[in-house]
Amino acid sequence: MIGIGGKRIVGLYVGAGRLHVAAVEGNRFGWKPVAVERSTGLSGGGSEGGLAALRDLLRQVNPDRRIRWYLALPRSNFFFRDIPLPAMPLEDALDAVQGMVRTLVHLPLEDIYFDVQMARKPDRTIRALLVYGLKQMIDPYRDVFRETGHEAGLEAIFPFTVGVAAYLSWKRFPFPTALDIPYRDGREIAVIDDLGCRATFFTENGDSGGVQDFLKSQGLDVESVLSLREDAGRGPQFEIEAETMPSLADIRANRAEAALACGVCSQQIVSVDGRPTRLKLFPLWKTIGFVVAALTIGCTLWTALSYRTVERNQAVLGELREKRHRLEQQLHPLEKNKQSAEKAKQLIADMDEFMSHRPQLFRLINDIAERVPEGTWFSRFTFGEKEISMQGQSRDAIKTLEALRASPFLDQVKLSGSVMKAPNGLEQFTMSMKRKEEKAADHGQGEQPHS
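These numbers were taken from a predicted model, which means no experiment stands behind them.

I keep staring at the pattern of salt bridges and nothing clicks. Help me out?
Opposite charge on two side chains allows them to pair when their charged atoms are near. In total, this model carries 15 salt bridges according to the counting rule given. For Glu155, the salt bridge goes to Arg278, with nearest N and O atoms at 3.6 Å. Taken together, the positions of Glu155 in strand β8 (residues 154-159) and Arg278 in the loop between α7 (256-264) and α8 (284-371) put the pair 123 residues apart, joining distant regions of the chain. By relative accessible area, Glu155 is classed as buried at 17%. By relative accessible area, which is 31% here, Arg278 ends up partly exposed. Across the pair Glu328 and Arg324 runs a salt bridge whose closest N-O atoms are separated by 3.1 Å. Remark: Arg324 and Glu328 occur in helix α8; sequence separation between them is four residues, near one turn of the helix.

I tried to follow the packing of helix α5 (residues 160-170) against α7 on my own but got confused; where do I start?
For any two helices packed against each other, one specifies the crossing angle of their axes together with the interaxial distance. Here α5 crosses α7 at 65 degrees, and the two axes come no closer than 7 Å. Regarding the angle of α5 to α7, the classification is roughly perpendicular. As α5 packs across α7, the resulting crossing turns out to be left-handed. Contact with α5, carried on its side by Phe160, Val162, Gly163, Val164, Ala166, Tyr167 and Trp170, involves Glu257, Ala258, Ala261, Cys262 and Val264 of α7 and no other residues of that element.

Quick question: what am I supposed to make of a nonpolar patch on the surface here?
Taken together, the side chains of Phe290, Val291 and Leu295 define a hydrophobic patch exposed on the protein surface, amounting to about 320 Å² of accessible area. For Phe290, the position within the fold is in helix α8.

Hey, could you run me through helix α2 (residues 50-60) in this one?
Since the α-helix turns once every 3.6 residues, residues separated by three or four places project in the same direction. Within α2 the residues assigned to the buried category are Gly50, Ala53, Leu54, Leu57 and Leu58. Projection of α2 onto a plane perpendicular to its axis shows the buried side chains occupying an angular sector of 135 degrees, all on one side.

Looking at this model, I keep getting lost on the sheet that holds β8. Mind explaining?
Within a sheet, each strand pairs with its neighbour through backbone hydrogen bonds, oriented either parallel or antiparallel. The strand order across the open sheet formed by five strands is β3-β2-β1-β4-β8, and the pairing between neighbours is mixed. Unpaired on one side and paired on the other, β3 (30-34) and β8 mark the two borders of the sheet. On average, each strand axis in the sheet is tilted by 20 degrees relative to the strand beside it, whichever way the strands run. Here strand β1 (residues 8-15) runs beside strand β4 (residues 67-73); their pairing, made up of six bridges, is parallel. Each residue of the ladder has a partner; that of Leu12, found in β4, is Leu71. This element, helix α4 (residues 135-147), spans β1, β4 and β8 of the sheet and lies at about 155 degrees to β4.

What counts, and at which threshold
- Residues numbered from 1 in each chain as written.
- Predicted model: local features only at pLDDT ≥ 70, side-chain atom pairs only at ≥ 80, totals over all residues.
- Heavy atoms only, no water.
- Salt bridge = Lys/Arg side-chain N within 4 Å of Asp/Glu carboxyl O.
- Helix = DSSP H or I, 4+ residues; strand = E, 2+ residues; numbered from the N terminus.
- Buried < 20%, exposed > 50% of the residue type's maximum accessible area, 1.4 Å probe, protein only.
- Axes fitted to C-alpha atoms, helices over the stretch in contact; angles between N-to-C directions.
- Parallel < 35°, antiparallel > 145°, perpendicular 65-115°, else oblique.
- Left-handed = near helix turned anticlockwise from the far one by under 90°.
- Contact = heavy atoms within 4.5 Å.
- Patch = residues over 30% accessible without salt bridge, like charges linked within 9 Å, V, L, I, M, F, W, Y side chains within 5 Å.
- Areas by Shrake-Rupley, 256 points an atom, 1.4 Å probe, with all protein chains shown as cover.
- Arc of directions from axis to C-beta.
- Pairing = 2+ DSSP bridges.

In structure tokens:
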């Protein structure tokens, strides 16, 4: 029963001679159906009465600020205009449509109420649905709410088609779909997708012309249209799984369920009652609050994780330092052994180098001693990597030069400077020469093998 509990939403459908009512109450677990005070017969949608029945119903319910009323009316009370717009902010798109209203409607602007439903398509362009109706058709319903004290709780007045789109979205119906919606005074074909009502076409009773052309313009055919008629005998049937959103019943039996859906779904509310358009925008204060809350939570988690990470890294660092100290103690003797091994290796290399050159040097000295003439002796002997230099005395320096040139170990033997005569009659000289092994080696490096 309406009158106790949390937030309440009441959906109403007032048609020609009929009134449908549906109500839900919100709590922490969602929405649950409730009945209207002393009007349980009306909540099922079976009673007839129209505007007079609406007045009787509202008189039975005490005014309450927690009750929100959503009123759906037949399609014949409204007109629709679908307006495609390029990508832009929704506020700018709304200003553009409102500036064009006078040229878009076929009635004097002072005689109508209008509202605009804005929806952004996947390609970022905007689909604007302009809904308008005559004030003389809508004011009687506003007057009833004012007379009964429920004017403050009247949230929206809108076409039944808009409620059907919200209902299908709330029920997670597969889109897009085309519906055949019957009324007492005519028939409506509505094309609905996940953004809301995409297009609608209304014909009065006895006039079915234009339906085929309308469906063709939407890329549909008659066989794909679902019917909301309870007694539809042909074509595809409108069916919704019972377990999806059980708070909403079947709109074929109770059309107020479609009005009720406008109060619980996330689509923009359309209200053709003279009030400004209410765009479905995320409020700035909520955005700032969300950002601040996210940053606060993020910083808190980051700080806690940082402290834990620092403590864990400090423990690991202490273990690594202790391990390093133990390894250094084990490594110190090995370093000494390594240095001793390197010194021994260098000594062996020096000895090997010396031993590799010593036989050549001894052979060279023996050969020189055997070849020089008797009475020749050397006061200085220099053995370099490339050249050999000798200073000495001999009875005949030229014979000594010729004798050394015959040596198989020497090459380019020549006198350096002039030959001097010593007081003892011997000739003093300086000779330079090269080892033939080096020359052969040099030639071997410079020459290329013949193929």
